[in-house]
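Survey of secondary and tertiary structure
Next come the chains, spelled out residue by residue.
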Amino acid sequence: MQLSQRMVVVGALLLPPVVVTDAQNTRSVAEQVRAVADGTVRLSFEARPGVCGNGSSWIRTGDRNYSGSWSSQRDLDVECEAGPVRVVAERLSGRTVALRTYVGGRWRANDTAVDLGTVSAATAVEWLVTEVERGTEASAKDALLPVTIANADVPWPRVLAVARDISRPRTVRSQAVFWAAQAAGEKAAEEIGAIASNDPDREVRTSAVFALSRRDDGYEQLVRIARTSRDRDVKQSAFFWLGQSKDPRAAEFFAEVLGRPED
């Protein structure tokens, strides 16, 4: 081997490896989805611990939390598979018009679908959150479930920003509140409480009250809304969910409100 050839080989060995950054992967997923103007795109990614599904009709997102139709399996003993998350995007005229999410199972053969294979959960979340922010009403709602069950950090402030954005459809905003309440951190209770108190849309306010009732740390916000809300429906909703609460402080609160001593 000539000296010049040896130098090329050595130089190649000394070059640092090419690292594909997460941002590059994110663009790749989004670009590949957008490249399909009309048709079906599907991809898979890792589910967060504790999430499993039967690959078709239901997904378990917690100890007693299910999404989908559990009753369809009431006569069968089925396995709850711990992933992967499988997402199908239906594209029409350059836009995602619907998303379907499964956990577990196997892809059926489909010669017309564009399969992106397995992508990182982080890149999938970035694409899905962007869909929540800018997508159609149907796709934005559908994108929230897979965001919640992905094994990746979720930018919940962006999801809550959608919940507060009055330019987005009401159904999207209500779903954003609900899913943020399921999985976001401690600060989410305070932000959802603010939506319940101040949002201009009554249905979104009521949805926020329900979302607070699903959080272990939502009690104080529910009490504040029950005390101070000027909206009769929102106030009644707060009282109702406090009544359904297993928090022992609820009995004391009702005794105070009713103006009578505790039993």
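Because the structure is predicted, anything quoted here is derived from the model rather than measured.

Counting its regular elements, the chain contains 11 helices and seven strands. Within the chain, the proportion of its 263 residues that are buried is 41%. As displayed, the chain has an accessible area near 15000 Å², and 50% of this comes from carbon and sulfur atoms.

This part takes up the packing of helix α3 (residues 121-134) against helix α4 (residues 137-149). Viewed as axis vectors pointing N to C, α3 and α4 meet at an angle of 145°, and their least axial separation amounts to 8 Å. As for how α3 packs across α4, the hand of that crossing is left-handed. Residues Val 125, Leu 128, Val 129, Glu 131 and Val 132 of α3 touch α4, and the partners they reach there are Ser 139, Ala 140, Ala 143, Leu 144, Pro 146 and Val 147. In the contact of α3 with α4, the residues fall into nine nonpolar, one polar and one charged.

Taken in spatial order, the three strands make up an open sheet running β2-β3-β4, and their pairing is antiparallel. Each edge of the sheet is formed by a strand with only one pairing partner; in this case those strands are β2 (52-53) and β4 (66-68). Bridging between β2 and strand β3 (residues 58-60) involves two bridges; their strand directions are antiparallel. If you follow Cys 52 over to β3, its bridge partner there is Arg 60.

Moving on to unusual backbone geometry. Leaving glycine out, the prevailing phi sign among residues is negative, and the prevailing peptide bond configuration is trans. In this chain, Gly 83 is followed by Pro 84 through a cis amide linkage whose omega measures 0°. Within the fold, Pro 84 resides in the loop between β4 and β5 (85-92). Residues other than glycine seldom take positive phi values, yet Ser 93 does so here, at roughly 55°. As for its placement among the helices and strands, Ser 93 is situated in the loop between β5 and β6 (95-103). Looking at Ser 93, the relative accessible area reads 61%, which means it is exposed.

A word on the confidence of the model for the chain. In the predicted model, the chain carries a mean pLDDT of 84, and 84% of its residues have values of at least 70. Across residues 1-26 the pLDDT falls below 50, and counting only partners more than four positions away or on other chains, this stretch makes 10 contacts in the model.

Attention shifts here to the packing of aromatic side chains. Counted under the stated rule, the structure contains seven aromatic pairs. Ring geometry for Phe 239 versus Phe 253: centroids 5.7 Å apart, planes at 25°, classification stacked. Pair noted here: Phe 239 is in helix α10 (residues 232-244) and Phe 253 is in helix α11 (residues 249-258), with a separation of 14 residues, a long-range link. A relative accessible area of 22% places Phe 239 in the partly exposed class. For the pair Phe 253 and Phe 254, a centre-to-centre distance of 5.8 Å together with 55° between the ring planes defines the contact as tilted. Relative accessible area serves as the criterion here: at 3%, Phe 253 is assigned to the buried category. According to the relative accessible area criterion, Phe 254 is partly exposed, its value standing at 24%. Taken together, the aromatic side chains of Phe 178, Trp 179, Phe 210, Phe 240 and Trp 241 make up a single cluster linked through ring pairs.

Our focus in this paragraph is the environment of Ala 89. Structurally, the position occupied by Ala 89 is in strand β5. On the basis of relative accessible area, Ala 89 is assigned to the buried category, the value being 1%. Distance from Ala 89 to Thr 40, taken between C-alpha atoms, is 5.8 Å for residues 49 residues apart in sequence. If we skip the residues at most four places from it in the chain, Ala 89 touches Gly 39, Thr 40, Val 41, Thr 96, Ala 98, Leu 99 and Trp 127.

Cut-offs used in this document
Residues numbered from 1 in each chain as written. Predicted model: local features only at pLDDT ≥ 70, side-chain atom pairs only at ≥ 80, totals over all residues. Heavy atoms only, no water. Helix = DSSP H or I, 4+ residues; strand = E, 2+ residues; numbered from the N terminus. Buried < 20%, exposed > 50% of the residue type's maximum accessible area, 1.4 Å probe, protein only. Areas by Shrake-Rupley, 256 points an atom, 1.4 Å probe, with all protein chains shown as cover. Axes fitted to C-alpha atoms, helices over the stretch in contact; angles between N-to-C directions. Left-handed = near helix turned anticlockwise from the far one by under 90°. Contact = heavy atoms within 4.5 Å. Nonpolar A, V, L, I, M, F, W, Y, C, P; charged D, E, K, R; others polar. Pairing = 2+ DSSP bridges. pLDDT = per-residue confidence, 0-100. Phe/Tyr/Trp six-rings, centres within 6.5 Å; stacked < 30°, edge-to-face > 60°.

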